[in-house]
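Coordinate analysis (summary)
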Amino acid sequence: MIVNFAERAHNHNFELDPIVRSLLDTDFYKLLMLQFIWKHFRGVRVSFGLHNRNVKFQLAKMIAREEIVAQLDHVRKLKYRKSELIWLAGNTFYGTRGIFEPAFLEWLENEFTLCDYELSERDGQFELTFEGEWTAVTMWEIYALSILNELKTRAALKSMDEFELDILYAHAKTRLWGKIEKLRGVPGLAVADFGTRRRHSFLWQEFVVEAMHAELGNNFSGTSNTFLAYKHDMEAIGTNAHEIPMAMAAMAASDDELKQAQYRMLELWQKTYGGSLLVMLPDTYGTTQFLEGAPEWVADWTGQRVDSKDPFLAGDEYVAWLTKRGKDPKSKLLIASDGLDVQEILSLHAYFSGLIQPGISARDFRDANDFNDERKWKQERRIRFSAGWGTLLTNDFRECHPRGEHWLEPISLVCKLTSAEGKPAVKLSDNYLKASGPKNEIERYRRVFGTAGVANIPVVV
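Just so we're clear, the structure is a prediction, and the values are computed from it rather than from any experiment. Sequence order as written defines the numbering, with residues in each chain counted from 1. In keeping with the predicted nature of the model, local features appear solely for residues at pLDDT of at least 70, side-chain atom pairs appear and are counted solely at 80 or more, and the whole-chain, interface and lining totals rest on all residues. To get the side-chain values, all heavy atoms of the structure are used, and hydrogens and water are removed first.

**Some remarks on the sheet that holds strand E6 (residues 191-193)**
- Strand order in this open sheet of 6 strands is E7-E6-E13-E10-E9-E8, and the pairing throughout is parallel. Sheet topology places strand E7 (220-223) and strand E8 (279-280) at the edges, where each strand pairs with a single neighbour.
- Note: two strands are recorded as paired if DSSP finds a minimum of 2 bridges between them. Segments assigned H or I by DSSP are reported as helices when at least four residues long, segments assigned E as strands when at least two residues long, and all are numbered from the N terminus. Across 3 bridges, the pairing between E6 and strand E13 (residues 384-389) is parallel. In the strand pairing of E13, Asp-193 is matched with Trp-389.
- On the sheet, helix H10 (residues 202-216) packs against E6, E7 and E13 and is oriented at approximately 155° with respect to E7. Residues are treated as being in contact if the distance between any of their heavy atoms lies within 4.5 Å. Axis angles are defined between N-to-C directions and span 0 to 180 degrees, where every axis is a line fitted to C-alpha atoms and, for a helix, only to the segment in contact.

**Details of the environment of Arg-65**
- Inspection of the secondary structure puts Arg-65 in helix H4 (residues 65-77).
- With 255 residues separating them in the primary sequence, Arg-65 and Ala-320 have C-alpha atoms 51 Å apart.
- Ignoring anything within four residues of it in the chain, the contact list for Arg-65 reads Leu-119, Glu-121 and Phe-126.
- Side-chain polar atoms of Arg-65 contact the backbone oxygen of Leu-119, separated by 3.0 Å. Polar contact criterion, stated in full: a pair of N or O atoms within 3.5 Å, where within protein one must be able to donate a hydrogen and the other to accept it, and residues adjacent in sequence count only if both atoms are side-chain atoms.

**Focus: the environment of Glu-84**
- Residue placement: Glu-84 occurs in helix H5 (residues 82-90).
- Residues Glu-84 and Leu-23 lie 61 residues apart in sequence; the distance between their C-alpha atoms is 9.2 Å.

**Examining the pattern of salt bridges**
- Throughout this description, the term salt bridge denotes a Lys or Arg side-chain nitrogen within 4 Å of a carboxyl oxygen of Asp or Glu. In this structure the tally under the stated criterion is 39 salt bridges.
- With a closest N to O distance of 2.6 Å, Arg-21 and Asp-17 form a salt bridge.
- Exposure categories follow from relative accessible area, calculated using a 1.4 Å probe and restricted to protein chains: below 20% of the type maximum is buried, above 50% is exposed, and the middle band is partly exposed. Under the relative-accessibility criterion, Arg-21 is labelled partly exposed at 41%.
- Residue Asp-17 is classed as buried on the basis of its relative accessible area of 6%.
- One salt bridge connects Asp-341 with Lys-179, and the closest N-O pair in it is separated by 2.9 Å. Pair noted here: Asp-341 is in the loop between strand E10 (333-336) and helix H16 (342-353) and Lys-179 is in helix H9 (residues 162-183), with a separation of 162 residues, a long-range link. Grouping residues by exposure puts Asp-341 and Lys-179 together as buried.
- Residues joined by salt bridges that share partners form a network here, namely Arg-175, Lys-179, Asp-341, Asp-396, Arg-398 and Glu-399.

**Describing the pairing of E7**
- With 3 bridges joining them, E6 and E7 adopt parallel strand pairing. Across the sheet, Val-191 pairs through a bridge with Phe-220, a residue of E7.

**Structural notes on the packing of H9 against H16**
- It is at 10 Å that the axes of H9 and H16 come closest, and there the two elements cross at 10°. As far as their axial angle goes, H16 and H9 are roughly parallel. Here Lys-179, Lys-182 and Leu-183 of H9 lie close against H16, whose contacting residues are Val-342, Ile-345 and Leu-346.
- Split into classes, the residues belonging to the contact of H9 with H16 amount to 4 nonpolar, no polar and 2 charged. Working definition: roughly parallel below 35 degrees, roughly antiparallel above 145 degrees, roughly perpendicular at 65 to 115 degrees, and oblique for all remaining angles. For this scheme, ten residues count as nonpolar: Ala, Val, Leu, Ile, Met, Phe, Trp, Tyr, Cys and Pro. Four count as charged, namely Asp, Glu, Lys and Arg, and the remainder, Gly too, count as polar.

**Thoughts on helix H15 (residues 311-324)**
- Helices are assigned an expected span. That span is 1.5 Å times one less than the residue count. Here H15 contains 14 residues, and its C-alpha end-to-end distance of 20 Å stays within 8% of the 20 Å for a straight helix at 1.5 Å per residue.
- Those residues of H15 that sit buried are Pro-311, Ala-314, Gly-315, Tyr-318, Val-319, Trp-321 and Leu-322. For H15, the angular spread of the buried residues around the axis is 165°, confining them to a single face. Exposed side chains of H15 directed beyond 90 degrees from the buried face belong to Leu-313 and Lys-324.
- Among the structural elements, E8, helix H14 (287-293), strand E9 (303-306), E10 and H16 are those in contact with the buried residues of H15.
- Two or three places before Phe-312, at the start of H15, stands the capping residue Asp-310, its side-chain oxygen 2.9 Å from that residue's backbone nitrogen.
- Immediately downstream of H15, the backbone of Gly-326 shows phi near 75°, a positive value. The arc in question is formed by the directions pointing from the helix axis toward the C-beta atoms.

**A few points about the packing of aromatic side chains**
- Each pair of aromatic rings taken from Phe, Tyr and Trp, with Trp reduced to its six-membered ring, is defined by centres within 6.5 Å and is described as stacked if the planes are under 30 degrees apart, edge-to-face if over 60, and tilted in the remaining cases. In total, this model carries 37 aromatic pairs according to the counting rule given.
- Between Trp-38 and Trp-107, the aromatic rings sit 6.4 Å apart at their centres with planes inclined by 40°, giving tilted as the arrangement. Of the two residues, Trp-38 sits in helix H2 (residues 28-40) while Trp-107 sits in helix H6 (residues 102-110), which places them 69 residues apart along the sequence.
- Among the residues examined, Trp-107 registers a relative accessible area of 9% and is labelled buried.
- Residues Phe-371 and Trp-377 carry aromatic rings whose centres are separated by 5.0 Å and whose planes lie at 85° to one another, so their mutual orientation is edge-to-face.
- Of the residues examined, Trp-377 reaches a relative accessible area of 2% and is grouped as buried.
- Aromatic rings pair up to connect Phe-28, Trp-38, Tyr-80, Trp-87, Phe-93, Phe-100, Phe-104, Trp-107, Phe-112, Phe-202, Phe-227 and Tyr-230 into one cluster.
- Each ring is checked for a lysine NZ or an arginine CZ that lies within 6 Å of its centre and within 35 degrees of its normal; such an atom marks a charge sitting over the ring. The ring of Tyr-351 has Arg-382 sitting right over it, with the charged end atom 5.0 Å from the ring centre.

**Overview of a negative patch on the surface**
- Like-charged residues are merged into a patch within 9 Å and nonpolar side chains (Val, Leu, Ile, Met, Phe, Trp, Tyr) within 5 Å, provided each residue has over 30% relative accessible area and no salt bridge. A 1.4 Å probe and the Shrake-Rupley method give the accessible areas. Residues count as covered only by the protein chains that appear here. In this tally Asp and Glu are treated as negative and Lys and Arg as positive; neither His nor the chain ends contributes. The atoms used to mark charge sites are NZ of Lys, CZ of Arg, CG of Asp and CD of Glu. Together, Glu-7, Asp-161, Glu-162 and Asp-166 make up a negatively charged patch on the protein surface.
- In this structure, Asp-166 sits in helix H9.
- What makes Asp-166 partly exposed here is its relative accessible area of 43%.

**A look at unusual backbone geometry**
- Despite not being glycine, Asp-123 shows a phi value in the positive range, around 50°.
- Relative to the helices and strands, Asp-123 is located in the loop between strand E4 (117-122) and strand E5 (125-133).
- Among the residues examined, Asp-123 registers a relative accessible area of 66% and is labelled exposed.

Take a look at the structure:
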């Protein structure tokens, strides 16, 4: 796909240039979770809130409130297209046809709506909240994040002339090419696009995904962006997220129910889905405690996604846990997805997908030549490893600005569940810095779940 990004950014004189043009322009896991919520928790009321972890970027001083309102209102008017629903109904996802039930698709077509929103400003930041029935709130997460991130991009681009924009995108394309070159030809590599929520723009994400698909071939396993998978006939990637166990924990009536909510969620998930969709995300309240208390049947699941823990430590912990339960780790899947860039992807692939020879470190692997050198590495997997590459794939414009300005740096913008049925929602994670929720509730949850394996890790976008 050849796009003149500089010309398009420079000639921004549309009445409204929509950021989200299809309700499929979201992570695939959100649709899977929406059907799950529709089946098991219809009528439950929740709230979400948007938070900018990078306080030096005062978004309310960069973006006009009216621009956000116009984009949010546009999304509320969108409907699922017939062709999109036919694709959801007839396509094969994770080797299974008919994942989405006819009744759910009919509901999507005729009854699905997005709730209203509240937008205000405080201390240079926007406060954006959503409240209503869970089925009407949950989909806002990705739409809101992609809208705010792209409006931040547009605000930064407005200060540049067309020549500067041309140089900017030339630098960014060169950087992308350099990353792809390091991945090309690496034996057994599996990498997917997870970059919708914090992308530079929709068009840039589409450009990146098409480039990855064209240059990496079968080593590019797909995209989490459902619309791009639909449009370009790619695999849609994604399973579930922290939102569901957070809601179920919030609604728990006792500390014991609170502790068991993380496993109750898995029980309901495997009643709804099976096979390759049985990938757990155990770090909502700490991976170590999750694995220590997990029922035996959890070891039969397909794999685990690592989010907030050092992926080397988390992978070793999962391999040891599987081995202790008599399961062959080589048949299981480990997905790393937090803050990855090309070097981390190569290092993790070297570590989990082969034997690193003595005297060589996982960080020594820089491209296919290193993997094809038997003096350094032999392909012999410990576990099936896959990388979900997010922000630093679809929004890496660091040091690309021709005048050296930093306004195009990606930021850690999140939109999280804040309550369920009027009770505060909490996430602890494997990183103390990523905990969210009221302070007193965080302290209560830590008493219930403990802090084994939790560390202080700098938050990467």
